[in-house]
Amino acid sequence: MMRKANLRSIAKKKFKVTTDSNHKFPVPENKLDRDFKSGTLGEVWVSDIT
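In this text the structure is predicted, and so the values were computed from the model without any measurement. (Residues numbered from 1 in each chain as written. Predicted model: local features only at pLDDT ≥ 70, side-chain atom pairs only at ≥ 80, totals over all residues. Heavy atoms only, no water.)

*Asks:* Before we move on, can you summarise the overall build of the protein chain with the specific residues and values?
*Replies:* Helix and strand counts for the protein chain come out as zero helices and zero strands. Counting every atom, the protein chain has about 6,500 Å² of accessible surface; 55% of that belongs to carbon and sulfur. Averaged over its 11 positive side-chain charges, the protein chain has a centre that lies 25 Å from the centre of its 6 negative ones. (Helix = DSSP H or I, 4+ residues; strand = E, 2+ residues; numbered from the N terminus. Areas by Shrake-Rupley, 256 points an atom, 1.4 Å probe, with all protein chains shown as cover. Lys, Arg positive; Asp, Glu negative; His and termini not counted. Charge placed at Lys NZ, Arg CZ, Asp CG, Glu CD.)

Structure (structure tokens):
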């Protein structure tokens, strides 16, 4: 029915900022630079917090 009348709903999405880039905590350096390949076993350890 809405398509026949050329109507569209307007639903606003809630946006919540979850990242604080202006923190005072130290940021570790990026030693791997996304190169996860290693020559020896146990040389590179990675994890994910998601």
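*Asks:* Give a description of unusual backbone geometry that names residues and reports values.
*Replies:* The residue D33 is not glycine, and still its phi comes out positive at about 50°. A relative accessible area of 58% places D33 in the exposed class. (Buried < 20%, exposed > 50% of the residue type's maximum accessible area, 1.4 Å probe, protein only.)

*Asks:* Could you give me a rundown of the environment of V44, with the residues and numbers involved?
*Replies:* Looking at V44, the relative accessible area reads 26%, which means it is partly exposed. Beyond its immediate sequence surroundings of up to four residues, V44 is in contact with L32 and S38. (Contact = heavy atoms within 4.5 Å.)

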